[in-house]
Amino acid sequence: TKRNLVQMLREAQNTSRGLELWGSGWRDVGPPDLLPSYRGLLPHGELANCYAKAGAVLGATMDGQREKGMVNNRVFEVLAAGRPLVQEAFPELEDLLKDAPSHNLVLWHKAGDVPRGAFV
């Protein structure tokens with residue numbers, strides 16, 4: 001699981017930008033309060049367009065990946081697309097991005113950090 005993802009999504013949903021939630025499984029297992037934000041599966045080939053249109057992108061890393069110090073590919077995809085990223089923090093990620101420009105990156109440590117990103 002992605003440890004803090006639901007908390008991050010709820011914070012984003014309650015900002016002026018709102019939330020669009022793409023991917024599989026949310027309709028069946030997502031928390032009921034997030035279901036209005038669910039848009040289904042992103043059509044093949046639309047990932048770059050989705051990032052380009054996003055006010056900001058939320059990122060979270062699977063627990064197993066985090067425990068092994070792995071960084072989710074979404075981090076690199078979103079930053080390469082020039083979009084703001086709010087990403088759940090962990091030591092290896094913080095070390096990797098310590099010199100990254102802060103204008104398009106917010107590392108999520110605790111409840112309330114999503115609105116510090118480009119979601120306000």
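Residues numbered from 1 in each chain as written. Predicted model: local features only at pLDDT ≥ 70, side-chain atom pairs only at ≥ 80, totals over all residues. Heavy atoms only, no water.

Our focus in this paragraph is the sheet that holds strand E5 (residues 105-108). In spatial order, the strands read E3-E4-E5; together these 3 strands make up an open sheet with parallel pairing. On the outer flanks of this sheet lie strand E3 (57-59) and E5, each paired with one strand and no other. Across the sheet, the mean angle from the axis of one strand to that of its neighbour is 20 degrees, orientation sign disregarded. Pairing analysis gives 4 bridges linking strand E4 (residues 85-88) to E5, with the strands arranged parallel. Residue pairing for E5: Gln87 is matched across the bridge by Leu107. Against the sheet, helix H1 (residues 5-13) contacts E3, E4 and E5, and its axis sits at roughly 165 degrees relative to E3. (Pairing = 2+ DSSP bridges. Helix = DSSP H or I, 4+ residues; strand = E, 2+ residues; numbered from the N terminus. Axes fitted to C-alpha atoms, helices over the stretch in contact; angles between N-to-C directions. Contact = heavy atoms within 4.5 Å.)

What H1 keeps buried is the set Leu5, Met8, Leu9, Glu11 and Ala12. Each buried residue of H1 sits inside an arc of 160 degrees when the element is viewed along its axis, so together they form one side. (Buried < 20%, exposed > 50% of the residue type's maximum accessible area, 1.4 Å probe, protein only. Arc of directions from axis to C-beta.)

This brings us to the side chain of Thr61. Relative to the elements of secondary structure, Thr61 occurs in the loop between E3 and helix H4 (63-67). Polar side-chain contacts of Thr61 include one of 3.2 Å to the side chain of Gln87. (Polar contact = N/O pair within 3.5 Å; in protein donor to acceptor, adjacent residues only side chain to side chain.)

In this section: the layout of surface pockets. Taken as a whole, the largest pocket holds about 910 Å³ of empty space. Lining the largest pocket are 30 residues, and of these Glu20, Leu21, Trp22, Cys50 and Val57 lie nearest its centre. Counting residues per element, the ones that place at least two in the lining of the largest pocket are H1, strand E1 (21-22), helix H3 (47-53) and E3. When residues in the lining of the largest pocket are grouped by element, the largest group, 5 residues, is from H3. Counted by class, the lining of the largest pocket contains 18 nonpolar, 6 polar and 6 charged residues. (1 Å grid on protein atoms, 1.4 Å probe; cavity = no way out; pocket = protein on both sides within 12 Å on 5 of 7 lines; lining within 4 Å. Points joined across faces, edges and corners; volume = space filled by probe spheres on them. Nonpolar A, V, L, I, M, F, W, Y, C, P; charged D, E, K, R; others polar.)

Another aspect to go through is the pattern of salt bridges. One pass over the full model with this rule turns up 5 salt bridges. With its nearest N and O atoms 3.2 Å apart, the salt bridge here joins Asp95 to Lys98. A salt bridge links Asp113 to Lys110; the nearest nitrogen and oxygen atoms lie 3.2 Å apart. Accessibility expressed as a relative area gives 2% for Asp113, which makes it buried. (Salt bridge = Lys/Arg side-chain N within 4 Å of Asp/Glu carboxyl O.)

Grouped together as the largest cluster of nonpolar side chains are 15 residues, with contacts concentrated most on Met8, Leu9, Leu19, Trp26, Leu58, Val86 and Val114. Of all elements in the fold, only H1 and E5 reach the threshold of two or more residues within this core. Ranked by the residues each element gives to this core, the list is headed by H1, at 4 residues. By size, the runner-up hydrophobic cluster in this structure holds 13 residues, among which are Val71, Val75, Leu93 and Leu105. (Core = buried A, V, L, I, M, F, W, Y, C linked by side-chain atoms within 4.5 Å.)

Purely spatial values, then, with no claim about function.
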